[in-house]
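Survey of secondary and tertiary structure
If you want the building blocks of each chain, they are given just below.
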Number of protein chains: 2
Amino acid sequence: MSSQPLSAHNFKQLFHSVEAFLFDCDGVIWKGDELIEGVSQTLQMLRSNGKKLVFVTNNSSKSRAQYALKFQSLGIPVSQDEIFSSSFAAAMYLKVNNFPPQNKVYVIGGEGILEELQLAGFTGVGGPGDANKTIDFKQNKFFEHDKSVGAVVVGLDPNINYYKLQYGTLCIRENPGCLFIATNRDSVGNMTSLQEWPGAGCMVAAICGSTQKEPIVVGKPSTFMMDFLLKKFNVSCSKMCMVGDRLDTDILFGQNAGCKTLLVFSGVTTQSALEDPSNNIQPDYYTSKISDILDLTEA
Amino acid sequence: MSSQPLSAHNFKQLFHSVEAFLFDCDGVIWKGDELIEGVSQTLQMLRSNGKKLVFVTNNSSKSRAQYALKFQSLGIPVSQDEIFSSSFAAAMYLKVNNFPPQNKVYVIGGEGILEELQLAGFTGVGGPGDANKTIDFKQNKFFEHDKSVGAVVVGLDPNINYYKLQYGTLCIRENPGCLFIATNRDSVGNMTSLQEWPGAGCMVAAICGSTQKEPIVVGKPSTFMMDFLLKKFNVSCSKMCMVGDRLDTDILFGQNAGCKTLLVFSGVTTQSALEDPSNNIQPDYYTSKISDILDLTEA
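Residue indices follow the written sequence of each chain, beginning from 1 at its first position. Throughout, the order in which chains and ligands are written sets their labels, letters from A for the former and numbers from 1 for the latter. Selection of residues for local features in this predicted model requires a pLDDT of at least 70, selection of side-chain atom pairs for listing and counting requires 80 or more, and totals for whole chains, interfaces and linings are taken over all residues. Computation of side-chain values: all heavy atoms of the structure, hydrogens and water removed.

- In the nomenclature of an unreviewed UniProt entry, chain A corresponds to Phosphoglycolate phosphatase from the organism Lupinus angustifolius.
- UniProt positions are given in the numbering used here, feature names are shortened, and annotations may be inferred rather than shown by experiment. Entered under Catalytic activity (unreviewed entry) in the UniProt record, the comment concerning chain A runs "2-phosphoglycolate + H2O = glycolate + phosphate".
- The record in UniProt for chain A states the following under Function (unreviewed entry): "Photorespiratory enzyme that dephosphorylates the 2-phosphoglycolate produced by the RuBisCO oxygenation reaction."

Structure (structure tokens):
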């Protein structure tokens, strides 16, 4: 089925049939550290109409607590419970799969993953602390790695280096049963408001390349987080609308979970990419940015 | 057809039917900086029997001149003309495809690639010079890249970092017609004699992950180099034997080119990996190390 542009008419239907709006953050709420135009008023309007708001982000650089602070600093009141980040998802994946707490977790990625691991009772190693580590290629060196690492979590890592790639690769190749978990596989992302930069998909692919293994993906489009979300908000998926800027993560996630889907063009996807014959992911609706909702309700 | 262990009988046949032996280097001739046992005498014996020797390596860290020096330092006389490295292959690919010399080539990899590019008349940028460059994620920064870069060459890079991944990604995504060339896609390699470390396949996969594009591979198992080799040595492929330690590069390369193939277990492949039901690449022959040839000819 092809997508429809959001209109006063179909938005009215959507608005009345949906109890919860799920929002991606980067490219929907903000770009880098800049709020996208009209976001604050739009979220206010939805809340004042009794809609539940949930923020589902693949960005693993922050923990839920750090995201709540970011929302606050941008003048948007959001509670930690309304935030589902892929850093939290990685920790929850280990939790529900009874990962032994005495085993360590090697992290290629940011502080947010380490923080969520700690909150869930796990010991994360690596992460930003390995940013400046190097490997000496000049000698016939043996690289020691911790045999008690039972999982490697890979997310976006601005400090990626050979040491981290080597460490993660050795754990996955040599520690029996070691899990390979990807927060997400976004190829690029809006780390700034001006450009698309390599995303977690870049680091995850590197580890796939060296280990010849495929990861367990816990962020979008995987619906792993949906069970937590359903338990917390008590709304059926058919009464949710997933709003995002990415076809292969946000919209696919919404579709995989049985939600309504709304694509916005304020992030990485353009209208011509949506309409390109090579694209086979069609959201229910599309519009330029979420604040279009305001104009449509006032119309 | 399943592989045969090399024996006095079948080696005699192979020896008489073959005019040139093509050797992989890492895991066949040396491991890291250590010569594998018996290599020197084996190569001497082959040369004294009039066999042509060719060294075909996916390792792009050195140029052919640098490889000739390495052979020399290990006490093995090898001329630069007998060496075909993937660094040379990358430069030759640009040459035969009439890459405009006024365009630049961005290099994720070692000095060897830059040196071969220069010898072929091209301007390489990046490489080891970008080892310590960083990107500021804190501000809404615009990352400038050179619009005259017409090709990105990716090989093994011990100094891989986000800056390089970002630079290469922007060139491939934003410079019209920019080529994405991989020296090779080896997942791991014997950078030391003690362990397998992530290979060029790791860095190449990272760029595939961020660009969602597949590279042109110029090293093994691609037979791109075969035309150069045939021209230089004037031996038909059926009279060549490719000797290597990797199924998915060396043996596949030999088979793709129509050579005889000999797998040795002195590098990354074990006999159990060869015999594993999941493996579908079968060399003609296998043996533990190349010096077994000496014992077999003396037998």
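Past the structure itself, the notes keep going.
**So, the interface of chain B and chain A**
- The contact rule is simple, with two residues in contact once any of their heavy atoms fall within 4.5 Å. With 42 residues of chain B in contact, the opposing surface of chain A contributes 42 residues.
- The term buried area denotes the loss of accessible surface (1.4 Å probe radius) that occurs when two parts are joined, taken as the sum for both partners. For the pairing of chain B and chain A, the buried interface totals around 3,500 Å² over both sides, and the portion due to carbon and sulfur atoms is 60%.
- For salt bridges, the criterion is a side-chain nitrogen of Lys or Arg within 4 Å of an Asp or Glu carboxyl oxygen. There are 2 salt bridges connecting chain B and chain A.
- Taking the shortest distance from any N to any O, the salt bridge between Arg173(A) and Glu196(B) comes out at 2.3 Å.
- Polar contact criterion, stated in full: a pair of N or O atoms within 3.5 Å, where within protein one must be able to donate a hydrogen and the other to accept it, and residues adjacent in sequence count only if both atoms are side-chain atoms. Where chain B touches chain A, the interface holds 6 residue pairs in polar contact (both at pLDDT 80 or more).
- In terms of residue class, the side of chain B that touches chain A is built from 19 nonpolar, 14 polar and 9 charged. Each residue is assigned to one class: nonpolar for Ala, Val, Leu, Ile, Met, Phe, Trp, Tyr, Cys and Pro, charged for Asp, Glu, Lys and Arg, and polar for all the others, Gly among them.

**A word on the UniProt feature "active site" (unreviewed entry) in chain A**
Residues and elements named next belong to chain A.
- UniProt's entry tags Asp24 and Asp26 with the feature "active site" (unreviewed entry), counted in the numbering of this structure.
- Secondary structure follows DSSP: runs of H or I at least 4 residues long count as helices, runs of E at least 2 residues long count as strands, and numbering of each begins at the N terminus. Tracing the backbone through its elements, the reader meets Asp24 in the loop between strand 2 (20-23) and strand 3 (30-31).
- Here Lys220 takes part through its side chain, which lies 2.9 Å from a polar atom of the side chain of Asp24.
- Looking at the secondary structure, you find Asp26 in the loop between strand 2 and strand 3.
- The residues contacting Asp26, other than those within four sequence positions of it, are Thr57, Asn59, Asn190 and Asp245.

**Quick look at the environment of Leu43(A)**
Residue and element names in this part refer to chain A.
- Counting through the fold element by element, Leu43 comes out in helix 2 (residues 39-48).
- As a C-alpha pair, Leu43 and Phe71 span 28 residues in sequence and 12 Å in three-dimensional space.
- Not counting the four nearest positions on each side in its chain, Leu43 is found in contact with Phe23, Ile29, Leu53, Phe55, Ile76 and Ile290.

**A look at the pattern of salt bridges**
- In total, this model carries 30 salt bridges over all chains according to the counting rule given.
- Lys239(A) is paired through a salt bridge with Glu19(A); the nearest N and O atoms lie 3.5 Å apart. Residue Lys239(A) is found in the loop between helix 8 (226-233) and strand 14 (240-244), and its partner Glu19(A) is found in the loop between helix 1 (8-17) and strand 2; the two are separated by 220 residues along the sequence.
- Exposure classes here rest on a 1.4 Å probe applied to the protein chains alone. A residue is buried below 20% of its type maximum, exposed above 50%, and partly exposed in between. For Lys239(A), a relative accessible area of 36% gives the class partly exposed.
- Measuring nitrogen to oxygen at the nearest pair gives 3.3 Å for the salt bridge that ties Lys70(B) to Asp33(B). Here Lys70(B), found in helix 3 (residues 64-73), pairs with Asp33(B), found in the loop between strand 3 (30-31) and strand 4 (34-35); they are 37 residues apart in sequence, far enough to count as distant.

**As for the packing of helix 4 (residues 86-96) of chain B against helix 5 (residues 111-119) of chain B**
All names here are of chain B.
- Every angle, taken between N-to-C directions, lies between 0 and 180 degrees, and every axis is a line fitted to C-alpha atoms, over only the stretch in contact when it is a helix. One can describe the packing of helix 4 onto helix 5 by two numbers: an axis separation of 8 Å at closest approach and a directional angle of 35°. Of the two elements, helix 4 crosses helix 5, and the hand of that crossing is right-handed. Facing helix 4, whose interface residues are Ser87, Phe88, Ala91 and Leu94, helix 5 presents Gly112, Ile113, Glu116 and Leu117.
- Residue classes in the contact of helix 4 with helix 5 are distributed as 5 nonpolar, 2 polar and 1 charged. Whether a crossing is left-handed or right-handed is set by the direction in which the near helix is turned from the far one by less than a right angle, anticlockwise for left-handed and clockwise for right-handed.

**Regarding the UniProt feature "binding site: substrate" (unreviewed entry) in chain A**
Residues and elements named next belong to chain A.
- According to UniProt, the feature "binding site: substrate" (unreviewed entry) maps to Lys220 in the numbering used here.
- Tracing the sequence through the fold places Lys220 in the loop between strand 13 (216-217) and helix 8.
- Assessed through its relative accessible area of 2%, Lys220 is described here as buried.

**Focus: the packing of aromatic side chains**
- Here a Phe, Tyr or Trp ring, Trp counted by its six-membered ring, pairs with any other such ring whose centre lies within 6.5 Å, and the pair is stacked when the planes are under 30 degrees apart, edge-to-face when over 60, and tilted otherwise. Summed over the entire model, instances satisfying the criterion amount to 38 aromatic pairs over all chains.
- An angle of 45° between the planes, with centres 5.4 Å apart, marks the rings of Phe11(B) and Phe15(B) as tilted. On the criterion of helical spacing, the pair formed by Phe11(B) and Phe15(B) is a turn pair, its members being 4 residues apart in helix 1 (residues 8-17). An identical accessibility class is assigned to Phe11(B) and Phe15(B); each is buried.
- Centre to centre, the rings of Tyr106(B) and Tyr167(B) are 4.4 Å apart; their planes meet at 15°, and the pair counts as stacked. With Tyr106(B) in strand 7 (residues 104-108) and Tyr167(B) in helix 6 (residues 162-174), this residue pair connects regions lying 61 residues apart in the sequence. In this pair, the class of Tyr106(B) matches that of Tyr167(B), namely buried.
- Aromatic ring contacts, followed pair by pair, group Phe21(A), Phe23(A), Trp30(A), Phe55(A), Tyr67(A) and Phe71(A) into a single cluster.
- Here, over-ring charges are defined by two tests on the NZ atom of lysine or the CZ atom of arginine: distance to the ring centre within 6 Å, and angle to the ring normal within 35 degrees. The ring centre of Phe88(A) lies 3.7 Å from the NZ or CZ of Arg64(A), which sits over that ring.

**Digging into helix 8 (residues 226-233) of chain B**
Residue and element names in this part refer to chain B.
- Looking only at helix 8, the buried set comprises Met226, Leu229 and Phe233. What you see down the axis of helix 8 is that its buried residues fit within an arc of 60°, all on one side. Exposed residues lying more than 90 degrees from the buried face of helix 8 are Asp227 and Lys231.
- The inward-facing, buried residues of helix 8 contact strand 2 (20-23), strand 5 (52-57), strand 6 (83-85), strand 14 (240-244) and helix 9 (247-257).
- Looking at the residues trailing helix 8, positive phi occurs at Asn234, about 55°. To obtain the arc, one takes the directions from the helix axis to the C-beta atoms.

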